[in-house]
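Observations on the three-dimensional arrangement
Each chain, written out:
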Amino acid sequence: MPAELGILLGYLAASGLLFHRVLGDLAGRATGVVASDSSLFTWWLGWTWYAISHGLDPLVSTWQNAPAGVNGMWNTGVPVLGVLLAPVTATAGPVVADNVAMLLGPVASAYLAHRCLVVVVGPRWIRALAGLVYGFSPFVIAHAWVGHVNLVWSVFPPVVLWASVRVLAAPRRPWLAGALLGLAFSLQMGLYTQTVALGALALVVVAVVLAVSAPRTAWRRVPSVLRSLTALGGVVAVLCAYPVWVLLAGPSRPRASIREATETGADAANLLIPSPLTAIRPGTDALAAQLRVYPGEQGSYLGAAMVLVLLAAVVLVRSRAVLVTCVVIMLLAVLSLGTTLAVLDQDTGVWLPWQLLVDVPLVGQAEAGRLAPFVALGVVTIWALALQHLVRPVPDGRWRRLGRATAAVLVLAAAVTWVPGADHQGTTDASAPAFFRAGAPGIAPGTIVELVPRPSQDWVRDGGVPVRWQAVAAFSYRQTGGYFIGGSERFPVLHDGEIGPFQQGILDGGRGGVAAARADLAAKQVGAIVVVPDHVPDPDRALAWARTVAGDPGRLVAGSWVVPVR
């Protein structure tokens, strides 16, 4: 137990080093360089606590996109983290909760990888190092940089590794193993549904590879696998019946595909070209700038050194575990490239097998490139097996021992190529205007507010930040805008609230049809307009338009104008 505590503390120290810029101001700064995304996670973490403490449904909410609301299962609602961090949210606020979630994500990912690797790797110290490599792998670092809490918690791939052995390759206590896997699936549903679909796909790939490589053995294990699947199905049916209903038939869900399948694959060049967030980048920055996605999605990097370790392990270790893992890695890597092969943002038009999955329910909505952590964990597994092979005690001569020791050092050195840059993890300002810090005074609880500026999907211009203000105000009001994924009868897919005549008048500099704007606010049951002058390009015109439409001069409260709608 002391050894395990030491490993955990080591991971925590590494995470503290990564996120050191935010540690001195957990309530005033947010991890990640995209303020809109950290604002979104802050909102959902705060909403989960607010919903639980007020007897509301944490999976759906009319506090954004009011009165229609938003569907948490189609968004990054992370209710599992919301419950886990509820004491932090309740005592220190949702901004601190978001930072704590980011800090703990790599720790949880690393430690679970360390624990799950026990099914194939013996020595604790090798598993501890492997967990460190995985928990701070390029995928995790990329999404930490952009502020994606749901992906920094890459805890499901280690579970898939464990299940690949305990449920598929070498079944042991199948009922218990299936029940534990069902529990893991259920918890992952509360972290990110997309990873559930990708994890299920990864397990199917593992099952196919095992069946093809040893069909007779696979056939003998069918009864055990079926028992596990039965237990899994029972647990998921009990724990996920309502979340699945919300996902498939709940309110405010999208009515069409939420993204273009052709745009979700990784750039093949990223497998060998590191992103700017990697410490060791031997003259590759110009090439990295040509990758099809920005650094926050450049998480597919393996690098030549780790690929060489993989190939050497296949030749030298010669174990079935290495061979099967290698084949699974290659298949998942190809799937992660999406529908067609792209190299340095140039679509070659080469057909890829992800096209077969585009129309598969739920899986087809997932982003192929986010198979990267499953690929990374496979590479780390082979890395650990190679290291285990090299350090095992064998009666070799002195020169052979020296050669093995040298090879072990080279294997260790290969993992260094994944180390992130010393100071690339940025932060953004997480403060809120005084009006929201004061709890939105002058507005009755639950009132639907038309906020100016209205939150939007324009994350490049920090359009999502106003949702964080609402969370900081302890959800004392509802708002018509939002930053979310949803849909309506008019628009099959929405990423923010529908723009009506009132907000169009704001965009047009205070011009528009007053009657239409009033009807718009009435249809949305708006009780007040709040104008935040310091965050509006032309506050005088915005305020004049709000007064005209609302029929009330309003009053200045803690630096913001509150204009009741008559």
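Since the structure is predicted, the reported quantities are computational estimates derived from the model, not experimental observations.

1. Some words on the packing of aromatic side chains
One pass over the full model with this rule turns up 15 aromatic pairs. Taking 5.3 Å as the distance between ring centres and 75° as the angle between the ring planes, the aromatic pair formed by Trp 43 and Phe 475 counts as edge-to-face. Residue Trp 43 is found in helix 3 (residues 35–53), and its partner Phe 475 is found in the loop between helix 21 (465–472) and strand 8 (478–479); the two are separated by 432 residues along the sequence. Side by side, Trp 43 and Phe 475 carry an identical accessibility label, which is buried. When the ring of Trp 47 is compared with that of Phe 475, the centres are 5.8 Å apart and the planes differ by 65°; the resulting orientation is edge-to-face. With Trp 47 in helix 3 and Phe 475 in the loop between helix 21 and strand 8, the pair connects residues that are 428 residues apart, well separated along the chain. Assigned by exposure class, Trp 47 and Phe 475 land together as buried. Here a set of aromatic residues connected by ring pairs shows up, and it is made of Trp 43, Trp 44, Trp 47, Tyr 50, Trp 63 and Phe 475. It is Arg 478 that lies over the ring of Trp 63; its NZ or CZ is 5.7 Å from the centre.

2. A look at unusual backbone geometry
Note the cis peptide between Ala 66 and Pro 67, where omega equals 0°. Position of Pro 67 relative to the elements: it lies in the loop between strand 2 (60–61) and strand 3 (70–71). With a phi angle near 60°, Ala 474 is a residue other than glycine that sits in the positive phi range. Within the secondary structure, Ala 474 sits in the loop between helix 21 and strand 8. In this structure, Ala 558 takes a positive phi of about 50° despite not being glycine. As for its position among the elements, Ala 558 is in the loop between strand 10 (555–557) and strand 11 (560–564). Under the relative-accessibility criterion, Ala 558 is labelled partly exposed at 41%.

3. Some words on the layout of surface pockets
Empty space within the second largest pocket amounts to approximately 790 Å³. As for the second largest pocket, its lining consists of 32 residues, and the residues nearest its centre are Pro 453, Arg 454, Gly 463, His 535 and Pro 537. Of all elements in the fold, only helix 21, helix 22 (501–507) and helix 24 (539–550) reach the threshold of two or more residues within the lining of the second largest pocket. Among the elements that take part in the lining of the second largest pocket, helix 21 stands out by supplying four residues, more than any other. Considered class by class, the residues forming the lining of the second largest pocket number 15 nonpolar, eight polar and nine charged.

4. Quick notes on the nonpolar core
Core analysis: the largest hydrophobic core is formed by 84 residues, its most contacted members being Leu 181, Leu 332, Trp 354, Trp 383 and Trp 418. Look past the residues within four positions of Leu 181 in its chain and what remains in contact with it is Val 159, Trp 162, Ala 163, Val 167, Leu 203 and Leu 232. Listed in part, the 27 residues of the second largest apolar core include Phe 19, Leu 45, Val 152 and Leu 191.

5. Details of the packing of helix 10 (residues 156–169) against helix 12 (residues 193–213)
Axis separation between helix 10 and helix 12 bottoms out at 10 Å; the angle between their running directions is 35°. Relative to helix 12, helix 10 is oriented so that their crossing is right-handed. Contacts between helix 10 and helix 12 involve Phe 156, Val 160, Ala 163, Ser 164, Leu 168 and Ala 169 from the first element and Thr 195, Val 196, Gly 199, Ala 202, Leu 203, Val 206, Ala 207 and Leu 210 from the second.

Parameters and conventions
- Residues numbered from 1 in each chain as written.
- Predicted model: local features only at pLDDT ≥ 70, side-chain atom pairs only at ≥ 80, totals over all residues.
- Heavy atoms only, no water.
- Phe/Tyr/Trp six-rings, centres within 6.5 Å; stacked < 30°, edge-to-face > 60°.
- Helix = DSSP H or I, 4+ residues; strand = E, 2+ residues; numbered from the N terminus.
- Buried < 20%, exposed > 50% of the residue type's maximum accessible area, 1.4 Å probe, protein only.
- Lys NZ or Arg CZ within 6 Å of the ring centre and 35° of its normal.
- 1 Å grid on protein atoms, 1.4 Å probe; cavity = no way out; pocket = protein on both sides within 12 Å on 5 of 7 lines; lining within 4 Å.
- Points joined across faces, edges and corners; volume = space filled by probe spheres on them.
- Nonpolar A, V, L, I, M, F, W, Y, C, P; charged D, E, K, R; others polar.
- Core = buried A, V, L, I, M, F, W, Y, C linked by side-chain atoms within 4.5 Å.
- Contact = heavy atoms within 4.5 Å.
- Axes fitted to C-alpha atoms, helices over the stretch in contact; angles between N-to-C directions.
- Left-handed = near helix turned anticlockwise from the far one by under 90°.

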